[in-house]
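Here is what each chain is made of, one letter per residue.
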Number of protein chains: 2
Amino acid sequence: MTKNEKNKEGSITNVSDIGEFALIDELTSGFKSKNKSTIKGIGDDTAVIESGSDSLFLLTKDMLVEGIHFDITYTPLKHLGYKSIIVNLSDIYSMNGTPTQAAIGIAISSRYSVEALKEFYEGVKLACDLYNVDLVGGDTCSSQSGLFISVTVTGFVDRDKVTYRSGAKKNDLVCVSGNLGAAYAGLLVLKREKEVFKANPNNQPDISKYSYVIERQLKPEAGKTLVETLDKLGIMPTSMIDVSDGLASEIIHICKSSRSGAYIYEDKIPIDPETIVVADEFDINPATFALNGGEDYELLFTISQKDFETINNHQEIKIIGYISDVLDGANLITSAGQQVPLKAQGWDAFKNK
Amino acid sequence: MTKNEKNKEGSITNVSDIGEFALIDELTSGFKSKNKSTIKGIGDDTAVIESGSDSLFLLTKDMLVEGIHFDITYTPLKHLGYKSIIVNLSDIYSMNGTPTQAAIGIAISSRYSVEALKEFYEGVKLACDLYNVDLVGGDTCSSQSGLFISVTVTGFVDRDKVTYRSGAKKNDLVCVSGNLGAAYAGLLVLKREKEVFKANPNNQPDISKYSYVIERQLKPEAGKTLVETLDKLGIMPTSMIDVSDGLASEIIHICKSSRSGAYIYEDKIPIDPETIVVADEFDINPATFALNGGEDYELLFTISQKDFETINNHQEIKIIGYISDVLDGANLITSAGQQVPLKAQGWDAFKNK
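The rules behind these values
- Sequence positions are assigned chain by chain, starting from 1 and proceeding in written order.
- Each chain is given a letter, starting from A, and each ligand a number, starting from 1, according to the order in which they appear as written.
- Selection of residues for local features in this predicted model requires a pLDDT of at least 70, selection of side-chain atom pairs for listing and counting requires 80 or more, and totals for whole chains, interfaces and linings are taken over all residues.
- Pairs of strands are assigned from DSSP output, requiring at least two bridges between the strands.
- Where helices and strands are cited, they refer to DSSP runs of H or I of at least four residues and of E of at least two residues respectively, numbered from the N terminus.
- The axes used here are C-alpha line fits, helices contributing only the stretch in contact, and every angle between their N-to-C directions lies in the interval 0 to 180 degrees.
- Here contacts are defined at the residue level, using C-beta atoms placed from the backbone and a cut-off of 7 Å between them.
- The copies were overlaid by least squares, fitting only the C-alpha atoms of residues that reach a pLDDT of 70 or more in each copy.
- Under the scheme applied, nonpolar residues are Ala, Val, Leu, Ile, Met, Phe, Trp, Tyr, Cys and Pro; charged residues are Asp, Glu, Lys and Arg; polar residues are all the others, including Gly.
- Put simply, a residue is buried when 20 or more other C-beta atoms lie within 10 Å of its own C-beta and exposed when 12 or fewer do; between those, it is partly exposed, and each C-beta is set from the backbone.
- Handedness of a crossover: with both strands directed away from the viewer, a clockwise path from the first strand across the helix to the second marks it as right-handed.
- Boundary definitions for the domains trace back to an automatic or database domain assignment.
- Any angle that is under 35 degrees is reported as roughly parallel, and any over 145 degrees as roughly antiparallel; angles of 65 to 115 degrees are reported as roughly perpendicular and all others as oblique.
- Expected span of a helix: the number of residues minus one, times 1.5 Å.
- Two helices that cross are described as forming a left-handed crossing if the nearer one is turned anticlockwise from the farther one by less than a right angle, and a right-handed crossing if clockwise.

Chemist: Would you take a moment to explain the sheet that holds strand E10 (residues 299-303) of chain B for this structure?
Modeler: Sheet strands associate in pairs through backbone hydrogen bonding, adopting either a parallel or an antiparallel arrangement. Residues and elements named next belong to chain B. Strand order in the open sheet made by the seven strands is E8-E10-E7-E11-E9-E12-E13, with mixed pairing throughout. Both outer strands of the open sheet, strand E8 (239-242) and strand E13 (339-341), are each paired with one neighbouring strand and no more. Across the sheet, the axes of successive neighbouring strands diverge by a mean angle of 25°, strand direction being ignored. Looking at chain direction, strand E9 (residues 261-265) and strand E12 (residues 330-333) are connected through four bridges and run parallel. Across the sheet, residue alanine 262 finds its bridge partner in E12, namely alanine 330. Across the face of the sheet, helix H9 (residues 247-258) comes into contact with strand E7 (173-176), E8, E9, E10 and E12 while running at roughly 145° to E8.

Chemist: Please explain the relation of the copies chain B and chain A as it appears in this structure.
Modeler: Mapping one chain copy onto the other needs a rotation about an axis and a shift along that axis. Superposing chain B onto chain A takes a rotation of 180° combined with a translation of 0.0 Å along the rotation axis, leaving an RMSD of 0.0 Å. On this basis, the relationship between the two copies can be described by a two-fold rotation axis.

Chemist: Any chance you could explain the interface of chain B and chain A here in plain terms?
Modeler: The accessible area lost on association of the parts is a frequent measure of interface size. The interface of chain B with chain A comprises 70 residues on the first partner and 70 residues on the second. Contributing elements (two or more residues each) for the side of chain B that touches chain A: helix H2 (15-18), helix H3 (20-28), strand E2 (47-49), strand E3 (55-65), strand E4 (98-108), helix H5 (114-130), strand E5 (134-142) and strand E6 (148-158) of chain B. Top contributing element to the side of chain B that touches chain A by residue count: E5 of chain B, with nine residues. Partitioned by chemical class, the residues of the side of chain B that touches chain A number 29 nonpolar, 30 polar and eleven charged.

Chemist: For this particular structure, what's the right way to read the pairing of strand E4 (residues 98-108) of chain A?
Modeler: A regular strand places its side chains on the two faces of the sheet in alternate fashion. Residue and element names in this part refer to chain A. With eleven of its eleven residues buried, E4 lies for the most part within the structure. Here E4 runs beside strand E6 (residues 148-158); their pairing, made up of nine bridges, is antiparallel. Across the sheet, alanine 107 pairs through a bridge with phenylalanine 148, a residue of E6. For the crossover from E4 across helix H5 (residues 114-130) to strand E5 (residues 134-142), the handedness is right-handed.

Chemist: Can you help me understand the sheet that holds E6 of chain A in this one?
Modeler: Residues and elements named next belong to chain A. Here we have six strands laid out as an open sheet, ordered E1-E2-E3-E6-E4-E5, and mixed in their pairing. One side of each edge strand has no neighbouring strand; the edge strands of this open sheet are strand E1 (38-40) and E5. Pairwise comparison of adjacent strand axes, ignoring direction, gives a mean angle of 20° for this sheet. Across eight bridges, the pairing between E4 and E5 is parallel. Residue pairing for E5: isoleucine 104 is matched across the bridge by glycine 138.

Chemist: What exactly am I supposed to notice about the domain arrangement of chain A here?
Modeler: Residues and elements named next belong to chain A. What the domain assignment lists for chain A is domain 1 (61-158) and domain 2 (165-341). Placing a centre on the C-alpha atoms of domain 1 and another on those of domain 2 gives a separation of 23 Å. Residue-level contacts link 15 residues of domain 1 with 17 residues of domain 2. Taken together, the residues of the side of domain 1 that touches domain 2 break down into seven nonpolar, six polar and two charged.

Chemist: Got a minute to help me understand the packing of helix H6 (residues 182-199) of chain A against helix H7 (residues 211-218) of chain A in this structure?
Modeler: A pair of packed helices is characterised by two quantities: the angle between their axes and the separation of those axes. Residues and elements named next belong to chain A. One can describe the packing of H6 onto H7 by two numbers: an axis separation of 7 Å at closest approach and a directional angle of 100°. With respect to H7, the element H6 is oriented roughly perpendicular. Across the interface between the two elements, Ala182, Ala183, Ala185, Gly186, Leu187, Val189 and Leu190 of H6 pack against Tyr212, Val213, Ile214, Arg216, Gln217 and Leu218 of H7. Within the contact of H6 with H7, the residues separate by chemical class into ten nonpolar, two polar and one charged.

Chemist: Which parts of the structure should I look at to understand the environment of phenylalanine 70 of chain B?
Modeler: Mapped onto the fold, phenylalanine 70 of chain B is located in the loop between E3 and helix H4 (77-93). Each C-alpha atom of the pair phenylalanine 70 of chain B and leucine 147 of chain B lies 9.6 Å from the other, and the pair is 77 residues apart in sequence.

Chemist: Looking at this structure, I do not really get helix H9 (residues 247-258) of chain A. What am I missing?
Modeler: Along an α-helix, residues three or four positions apart point the same way, because every turn accommodates 3.6 residues. Residues and elements named next belong to chain A. The end-to-end C-alpha distance of H9 is 16 Å, a good match for the 16 Å that twelve residues give at a rise of 1.5 Å each. Across the twelve residues that make up H9, a large majority, ten, are buried. Of the residues making up H9, those classed as buried are Leu247, Ala248, Ser249, Glu250, Ile251, Ile252, His253, Ile254, Cys255 and Ser258. At the exit of H9 stands arginine 259, carrying a positive phi of roughly 50°.

Chemist: Would you mind showing me how to read unusual backbone geometry here?
Modeler: The phi torsion of most residues other than glycine is negative, and most of the peptide bonds are trans. Residues and elements named next belong to chain B. Even without being a glycine, asparagine 96 presents a positive backbone phi close to 70°. By secondary structure assignment, the location of asparagine 96 is in the loop between H4 and E4. Notably, tyrosine 297 is not glycine yet its phi reads approximately 55°, a positive angle. Locating tyrosine 297 in the fold gives a position in the loop between helix H11 (286-292) and E10. The exposure class assigned to tyrosine 297 is buried, which follows from the 24 C-beta atoms found within 10 Å.

Chemist: Would you mind showing me how to read the packing of helix H6 (residues 182-199) of chain B against helix H10 (residues 273-281) of chain B here?
Modeler: All names here are of chain B. Here H6 crosses H10 at 45°, and the two axes come no closer than 9 Å. Classified by the interaxial angle, the pair formed by H6 and H10 is oblique. Once H6 is placed against H10, the crossing between them reads as left-handed. Residue-level inspection shows Ala182, Ala185, Leu188 and Val189 of H6 in contact with H10, the latter providing Thr275, Val278 and Ala279. For the contact of H6 with H10, the class distribution of residues is six nonpolar, one polar and no charged.

Shown next as structure tokens:
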């Protein structure tokens, strides 16, 4: 049903009926840019703003909501502070940029103490220090229930290096900066162990053999190294996005923005052995973790075929497919050689897994 | 008790025990700026970032939390969307700047429909259109309960016009851009009528005689006109801040940042007749509304004595006092001629009225 049909009937549309991306489209479609300084508004990982100098200004913001984006029962507050910054830095790197400033707002219920907040801010500081970002705003207020985190990160990108989702060209190589699916594997392990603990609080779970995937879930890193590597190699990506919602969702974003299709090879998707162990335990194809899991914060990008020799066998860069004609759509070539259209079944803030 | 004493005892400190400003100081004191582009970080209305051109970049963010900053039972969603933008624009104007871009994030519980969100976004759009600001990011996700709004606004200010809280000099005139206390008067009326309605839902309150103060509470405006007026008059304010927490709190901010004192004359504070009516009904001195009410979003600023003739009797600018020596502190001269030290009893997100 369209919006108008619903309105005629005078009925109410549940937000979960239309999904996050369609909702944002619906809400923001009436907005038109009026300022010359707005180079890129809604529709990429960050907004791009004219600075009047050689660099462009980048602006991104992300929210993390208790019970939706994180479960405080197994998320240490220091890790949460760290991750809150990282997920925003990731958006800046996905524009081929460098993050420089961060501002954080948190709304907390009365069950959080000053000491708890200090732990959270320790994580914020660690991320800011490691990624050379300045905290320029810190706003704290109370909430009636739950913890809400809102982070804004700004950065710069050379005018001739800014990379959008929209630049992928036919025959470009699709690459990824690291292994995928680990963060989701970590999430599943944490959820499982929480249930085990709830059933019998004396049963202390042994999670040491899952330490890598749990770290990928609780304390992810952003794509600083990849952006620096591409710069050193003299490679300009044709398009780029960070993997926050799962590989399938992200390659579809690139295809839509670039008006192209893509073929991704299942057996080329890098997956860590620990992720495969967890996938086996849950009896799920590990590729499903990579395609639909999300929160990996690796960078997915496309490069011209001419750069193949430069990046081939580079430790940090994995080629997983290629860009094709828009009519092809986004497809997976399975390990068995079958072609399957990709669907964005990734993380959706209104259709929680 | 200091932080260390508490830690020695191993006790837990409630956030409400230390208040918003002290908490933010405590949490952010360990952060040091590392990037040359960070001109002003925490400690003013907005962050100021080097752009490399003639203009500096301004960045501000603010959160609005259901049950803390607004009561959805008497706040139309369209007004709420409008106000969410305005409170952030106000921070940009307080730097003598011009807002250009906004990004909004909202977390909503399942009781909000798509139609409700569209109403909210209508208000956002109205504010963006009226103030010539582009929406460059719109993020929506779900919350377990309540509505959380997080807005980031960016803008520019000419390098030689940027105005901080810290520039007030002895003998400068303290000015305000419009009447104060009205927003708080509106809030009290709305709260009272809500109670009347709860007691007897058939009793439809007549709020028409309070329309001005209610509008100041629900649909405030930001200081665009004042910034344009100062520019036209060729006046460079020596310090500026927006009145979000009440005049007392704001003048104390200016005094602390400028290492100065101030004298404010009670009988010079502009107060609307409707605000006085409400103050009388609640048996409170109207000046208390102005000093401690907050949410007026007028601009409080200081100018040099040499500009007195230019602004004297200007319709938009009211002189309410003067800057003095730091040893004097911030003081009110009451209508009866008494000198009273001002205290920041304004709106505190952890010590809700």
